[in-house]
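One-letter residues, chain by chain:
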Amino acid sequence: MTNLLGPEPTLLPDDHPDVPARAALDAGESLRDVAARFPAASYAWGRLAQEALAAGDPVAAYAFARTGYHRGLDALRRAGWRGAGPVPAAHVPNQGFLVSLLALGAAAEAIGEDEEAVRCRTFAQDCDPAAAELLG
């Protein structure tokens, strides 16, 4: 059946680099080591951004989040995303992109980049209204 209301949800593949990166983090590897070993893993970059925000370093958070965001956009495009449509937060491989997007919005707000902060919040809401609650 065709979705007449808009594009189908985009699901990153189950072998996306976020999957082994998350496993490495769960096994106790450091965020920095995981980001270096899996540079295409948005999840590691997004988590680094969250960590930097919590430590009061919004400039580092912005850089980490932007890296994860762009790596995630590249992956979404390879998965068929055309710039619009749902990116479900419940799908684990999508979570790294969404974590990075939410962290980018928070870091942008922290450095006074208000237009980007609003754009990121709107984009996250458009991807999945539950993203902020699920991944915040």
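What counts, and at which threshold
Residues numbered from 1 in each chain as written. Predicted model: local features only at pLDDT ≥ 70, side-chain atom pairs only at ≥ 80, totals over all residues. Heavy atoms only, no water. Phe/Tyr/Trp six-rings, centres within 6.5 Å; stacked < 30°, edge-to-face > 60°. Helix = DSSP H or I, 4+ residues; strand = E, 2+ residues; numbered from the N terminus. Buried < 20%, exposed > 50% of the residue type's maximum accessible area, 1.4 Å probe, protein only. Lys NZ or Arg CZ within 6 Å of the ring centre and 35° of its normal. Disulfide = S-S within 2.5 Å. Expected span 1.5 Å × (residues − 1). Contact = heavy atoms within 4.5 Å. Axes fitted to C-alpha atoms, helices over the stretch in contact; angles between N-to-C directions. Left-handed = near helix turned anticlockwise from the far one by under 90°. Nonpolar A, V, L, I, M, F, W, Y, C, P; charged D, E, K, R; others polar. Salt bridge = Lys/Arg side-chain N within 4 Å of Asp/Glu carboxyl O.

Trainee: What is the right way to read the packing of aromatic side chains from this model?
Mentor: The relation between two aromatic rings is expressed through the spacing of the ring centres and the mutual angle of the planes. For the structure shown, the criterion picks out 5 aromatic pairs. With a centroid separation of 6.3 Å and an interplanar angle of 90 degrees, the aromatic rings of Tyr 69 and Phe 123 are classed as edge-to-face. Here the residue Tyr 69 occupies a position in helix α4 (residues 58–78), and Phe 123 occupies one in helix α6 (residues 114–127), the gap between them amounting to 54 residues. Grouping residues by exposure puts Tyr 69 and Phe 123 together as buried. Here the aromatic cluster, defined as three or more aromatic residues joined through ring pairs, consists of Tyr 69, Trp 81, Phe 97 and Phe 123. Of note, Arg 22 hangs over the ring of Tyr 43, and the distance from its end group to the ring centre comes to 4.1 Å.

Trainee: Help me understand the environment of Ala 130, please; the structure alone is not making it clear to me.
Mentor: Within the element layout of this structure, Ala 130 appears in the loop between α6 and α7 (131–135). As a C-alpha pair, Ala 130 and Gly 6 span 124 residues in sequence and 18 Å in three-dimensional space.

Trainee: What am I meant to see in the state of the cysteines here?
Mentor: Note on terminology: a disulfide is the covalent bond linking the sulfur atoms of two cysteines. Counted under the stated rule, the structure contains 0 disulfides. Free of any disulfide, Cys 120 has its nearest cysteine sulfur in Cys 127, 10 Å distant.

Trainee: What is the right way to read α6 from this model?
Mentor: Since one α-helical turn is 3.6 residues long, residues separated by three or four positions face the same way. The end-to-end C-alpha separation of α6 is 20 Å, in line with the 20 Å expected for 14 residues at 1.5 Å each. Of the surrounding elements, those touching the buried residues of α6 are α4, α5 (92–110) and α7.

Trainee: Would you take a moment to explain the packing of α4 against α5 for this structure?
Mentor: What describes two packed helices is the angle between their axes and the distance between those same axes. At their nearest, the axes of α4 and α5 sit 8 Å apart, and the two run at 145 degrees to each other. The interaxial crossing formed by α4 with α5 has left-handed handedness. For the pair α4 and α5, contact is made by Pro 58, Ala 61, Tyr 62, Ala 65, Arg 66, Gly 68, Tyr 69, Gly 72, Leu 73 and Leu 76 and by Phe 97, Ser 100, Leu 101, Ala 103, Leu 104, Ala 107, Ala 108 and Ala 110, respectively. The residue makeup of the contact of α4 with α5, split by class, is 14 nonpolar, 3 polar and 1 charged.

Trainee: Even after reading the chapter, I still don't get the pattern of salt bridges, so can you show me in this structure?
Mentor: Any two side chains of opposite charge can pair, on the condition that their charged atoms come close. Applying the stated criterion to the full structure yields 4 salt bridges. The salt bridge partner of Glu 109 is Arg 121, with a shortest N-O separation of 3.5 Å. Taken together, the residues span a long stretch of sequence, with Glu 109 in helix α5 and Arg 121 in helix α6 at a distance of 12 residues. Note on Glu 109: relative accessible area 49%, which makes it partly exposed. On the basis of relative accessible area, Arg 121 is assigned to the partly exposed category, the value being 45%. Here Arg 119 ties to Glu 116 by a salt bridge, and the two come within 2.9 Å at their closest N and O atoms. Taken together, the residues span about one helical turn, with Arg 119 and Glu 116 both in helix α6 at a distance of 3 residues. Salt bridges here are not isolated pairs; linked through shared partners, they connect Arg 66, Glu 116 and Arg 119.

These values are about where atoms sit, not about what they do.
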